[in-house]
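# A look at the structure
What follows is the residue order along each chain.
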Amino acid sequence: MEGQPEHPADEIKRLHEELEKGIAEHKRTQDELKHSEVRNAAILDSALDCIVTINHEGCITEFNLAAEHTFGYRRDEVVGLHLADIIIPPSLREAHRSGLARYLATGASRVIGRHIEMTAVRADGREIPVELAIMRIPLDGPPSFTGFLRDITERKRTELQLRESEFRLRQLTETIPEMLWSATPEGVIDYCNARVLDYTGFSANEIKGSGWTKLLHPDDVDETVRVWMSCVATGLPYKVEVRIFHAADRTYRWCVASALPLLDDGGPVLKWHGTVVDMHDWKQAQEKLRDMQAELAQMTRVMTMGQLTASIAHEVNQPLTAIAANGESSLHWLTQDTPDIEKIRMLTKRVVGDARRASEIIGRIRDMASQRAPEQKPLSIDDVVNESLSFLRHELQEKGIIVSLDLTRELPQIVGDRTQLQQVIVNLTINAAQAMTQLAPADRRISVGTTLSDPETVCCSIEDSGPGIDPEHLPRLFDSFFTTKDTGMGMGLAICQSILEAHGGRIRADNNSALGGARFSFDLLTRRVQ
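All of the points below concern the structure found in this document. Every value quoted in this text rests on a predicted model; they were computed, and no experiment measured them. (Residues numbered from 1 in each chain as written. Predicted model: local features only at pLDDT ≥ 70, side-chain atom pairs only at ≥ 80, totals over all residues. Heavy atoms only, no water.)

## Digging into the packing of aromatic side chains
All told, the structure shown has nine aromatic pairs when counted by the stated rule. Taking the centre distance of 5.2 Å and the plane angle of 70 degrees together, the rings of W228 and W272 count as edge-to-face. In this pair, W228 is assigned in helix α8 (residues 221-234) and W272 in strand β10 (residues 269-278), connecting sequence segments 44 residues apart. For the pair W228 and W272, a shared accessibility class is recorded, and that class is buried. Ring centres of F245 and Y252 lie 5.6 Å apart, and the angle between their planes is 70 degrees; this geometry places the pair in the edge-to-face category. Following the ring pairs from residue to residue traces out a cluster consisting of W181, W228, Y238 and W272. The ring of W254 has K283 lying over it, and the distance from NZ or CZ to the ring centre is 4.9 Å. (Phe/Tyr/Trp six-rings, centres within 6.5 Å; stacked < 30°, edge-to-face > 60°. Helix = DSSP H or I, 4+ residues; strand = E, 2+ residues; numbered from the N terminus. Buried < 20%, exposed > 50% of the residue type's maximum accessible area, 1.4 Å probe, protein only. Lys NZ or Arg CZ within 6 Å of the ring centre and 35° of its normal.)

## Focus: helix α4 (residues 90-106)
The terminal C-alpha atoms of α4, which comprises 17 residues, lie 25 Å apart, in line with the 24 Å expected from a rise of 1.5 Å per residue. Among the residues of α4, those classed as buried are G99, L100 and Y103. On an axial view of α4, the arc spanned by its buried residues comes to 100 degrees, and they lie on one face. Along α4, the residues that are exposed and aim more than 90 degrees away from the buried face are P90, E94, A105 and T106. (Expected span 1.5 Å × (residues − 1). Arc of directions from axis to C-beta.)

## Here's the deal with the pattern of salt bridges
Tallied over the entire structure, the rule returns 24 salt bridges. Between E62 and R75 there is a salt bridge, with the nearest N and O atoms lying 2.8 Å from each other. Taken as a pair, E62 in strand β2 (residues 60-63) and R75 in helix α3 (residues 75-78) lie far apart in primary sequence, 13 residues in all. Here R418 ties to E387 by a salt bridge, and the two come within 2.8 Å at their closest N and O atoms. Here the residue R418 occupies a position in helix α13 (residues 418-434), and E387 occupies one in helix α12 (residues 381-398), the gap between them amounting to 31 residues. (Salt bridge = Lys/Arg side-chain N within 4 Å of Asp/Glu carboxyl O.)

## Notes on the pairing of strand β15 (residues 457-464)
Across the eight residues that make up β15, a large majority, eight, are buried. Residue alternation in β15 divides its side chains into two sets, T457, C459, S461 and E463 and V458, C460, I462 and D464, and both sets are buried. One ladder, built from eight bridges, connects strand β14 (residues 445-454) with β15; its direction is antiparallel. The residue of β15 that forms the bridge with G449 is S461. Alignment of β15 against strand β17 (residues 519-525), held across seven bridges, turns out to be antiparallel. In the strand pairing of β17, E463 is matched with R519. (Pairing = 2+ DSSP bridges.)

## Some details on the nonpolar core
It is characteristic of soluble globular proteins that their nonpolar side chains tend to be buried jointly. Counting residues in each nonpolar core, the largest one holds 40 residues, and the members touching the most others are L428, I446, I462, L477, F520 and F522. For this core, the elements supplying multiple residues, two or more each, are α12, α13, β14, β15, α14 (492-502), β16 (506-510) and β17. When residues in this core are grouped by element, the largest group, eight residues, is from α13. (Core = buried A, V, L, I, M, F, W, Y, C linked by side-chain atoms within 4.5 Å.)

## Some details on the environment of H82
For H82, the location among the structural elements is in the loop between α3 and α4. Note on H82: relative accessible area 19%, which makes it buried. On a C-alpha basis, the gap between H82 and R97 in space is 9.8 Å, while along the polypeptide they are 15 residues apart. Aside from chain neighbours lying at most four places away, what touches H82 is E57, G58, C59, H96 and R97. (Contact = heavy atoms within 4.5 Å.)

## A word on the packing of α13 against α14
Helix-helix packing is described using two parameters, namely the angle between the two axes and the distance between the axes. Between α13 and α14, the shortest axis-to-axis distance is 10 Å and the interhelical angle comes to 145 degrees. Regarding α13 and α14, the two cross each other, and that crossing is left-handed. Residues Q420, L421, Q423, V424, N427, L428 and N431 of α13 touch α14, and the partners they reach there are G492, L493, I495, C496, I499 and L500. Of the residues in the contact of α13 with α14, the class split is eight nonpolar, five polar and no charged. (Axes fitted to C-alpha atoms, helices over the stretch in contact; angles between N-to-C directions. Left-handed = near helix turned anticlockwise from the far one by under 90°. Nonpolar A, V, L, I, M, F, W, Y, C, P; charged D, E, K, R; others polar.)

As structure tokens, this is what we get:
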């Protein structure tokens, strides 16, 4: 009935059920807590780094598996002991204790929340370098802390080896008798050895960064910087000829600066390493050599012109004879009662044309004999061939030599010095004529041809019907002072080779002439690839 008290048996039953329910809930909570502890322990033990937790008294409350392996203690040996007595070296223990006390009193710390490097001690007493990070555990109640430690012994060993290697390398670069430098991947100069400093008189701080441009001749700065930054951007090797300040005589001397990139296994540039080589004396010697070669070439041209005196006289005499004949004819027509004006006009035009022809011939002779600086101009190789053979026409006719031309029409222009290239063709043609002196006049033949050997190269060849070249002589044919003639100086072919190489070309000789004798061929680059 309503309002009547619960029967004692029913109340006992209800209380019993509530008790069992509470026990089950407590057991479930205990199981979850145990599971959580097991899971947390597994997480701690799976960490690669050492994890050590301490309470506000500095006593160890957790010591994971990595810490056991690193420091040589079992967890059950150290839990409850003061951290300072376990892994802190004796020399740092007082600092550790005072630092913990200061934090508890003021909240100020120099290590919490930061990565630091320090020395720790193992169970066997051996000290090891470690990287440490300490964090406060965000829980209510007295503070506790977690320390994450990593053994950096191998890293320190590697760093030491690297420093030793760099020191040995620095010693090496300072003892090498060459100017050496290096730069960052971005092209910033970060090192110059003592040879650079001694040579330029500048200090290392003055050269580093962008200060290296102070060493350069003002006229060379812009182009040198442009080439350097282009190489830095592309990773291509760097090489320039540049004038660099020389402290000893306070002048700028020609040097070759070069550098190669150090790549990360074919990847990005790690470093640039370079050298500077003084080439001033060599460059001056090369210039003197070129001057001497030019003088020698001019001398041989004069000697060649001397050999061709009869031919030159014949070439000049032809237009002069025509001028005289046409002039006499004009005078004759002028003495007539009724002068034929049209006839006289035609004869006068012929006189003018022959005079121009004579002037051109004399001009070419003067160019061949004069001493002047080479002039690089666009040229037609066929025109150069025809002009060269005009010097030799009478000489070749006198010797009964038949000359045939096989010139390819509309060849691309070349760039070169007309007089020097004429000298090459004249020299090779004279050699061909002299090689056939033992043949009967009817058997003396020379062929001069031009062709386009590839889209960027024009080839000119001079072939003869002579006995050819002794195979033993072929390797030395272009050596200075080597000759097969009794009266030769051995300089003609050497000069031809130097002229063609200065034009970016090359010359060769063989016995593959279609006429049965020797063939000399030379190549020149076309104007579009100069």
